[in-house]
Amino acid sequence: MGGIAAIGVPGLIIILVIVLILFGPRKLPEVGSAIGKTLSEFKKSARDIIDDEETVPKESTKKELL
């Protein structure tokens, strides 16, 4: 979330205007939906990777103790 906060409101307005120019107002809901789905998939993948990294060291330390 730090990255979004660094952009600020003027940056978001500029991005919105560029998207409106490129895709037009009719396609804007579709673009927003696609971006939302992409971000949720990215967050899910990142969470899975973090969970995998947390479980691997626990298993490797158990093997080392044996």
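Each remark here, short or long, concerns the structure printed above.
These figures come from a predicted structure and were not determined experimentally.

**Student:** Teacher, can you tell me more about a negative patch on the surface here?
**Tutor:** A cluster of acidic side chains, namely Asp 48, Asp 51, Asp 52, Glu 53 and Glu 54, defines a negative patch on the protein surface. Here Asp 51 lies in helix α1 (residues 2-65).

**Student:** How should I be thinking about the environment of Thr 38 in this particular structure?
**Tutor:** The residue Thr 38 is located in helix α1 in this model. In terms of polar contacts, Thr 38 uses its side chain to reach the backbone carbonyl oxygen of Ala 34, at 2.8 Å.

**Student:** Hey, could you run me through a nonpolar patch on the surface in this one?
**Tutor:** Nonpolar side chains collect at one region of the surface, where Val 9, Ile 13, Val 17 and Ile 21 lie side by side and expose about 400 Å² of accessible area between them. Structurally, Val 17 is set in helix α1. In this structure Val 17 comes out as partly exposed when scored by relative accessible area, which is 42%.

What counts, and where the lines are drawn
- Residues numbered from 1 in each chain as written.
- Predicted model: local features only at pLDDT ≥ 70, side-chain atom pairs only at ≥ 80, totals over all residues.
- Heavy atoms only, no water.
- Patch = residues over 30% accessible without salt bridge, like charges linked within 9 Å, V, L, I, M, F, W, Y side chains within 5 Å.
- Areas by Shrake-Rupley, 256 points an atom, 1.4 Å probe, with all protein chains shown as cover.
- Salt bridge = Lys/Arg side-chain N within 4 Å of Asp/Glu carboxyl O.
- Lys, Arg positive; Asp, Glu negative; His and termini not counted.
- Charge placed at Lys NZ, Arg CZ, Asp CG, Glu CD.
- Helix = DSSP H or I, 4+ residues; strand = E, 2+ residues; numbered from the N terminus.
- Polar contact = N/O pair within 3.5 Å; in protein donor to acceptor, adjacent residues only side chain to side chain.
- Buried < 20%, exposed > 50% of the residue type's maximum accessible area, 1.4 Å probe, protein only.

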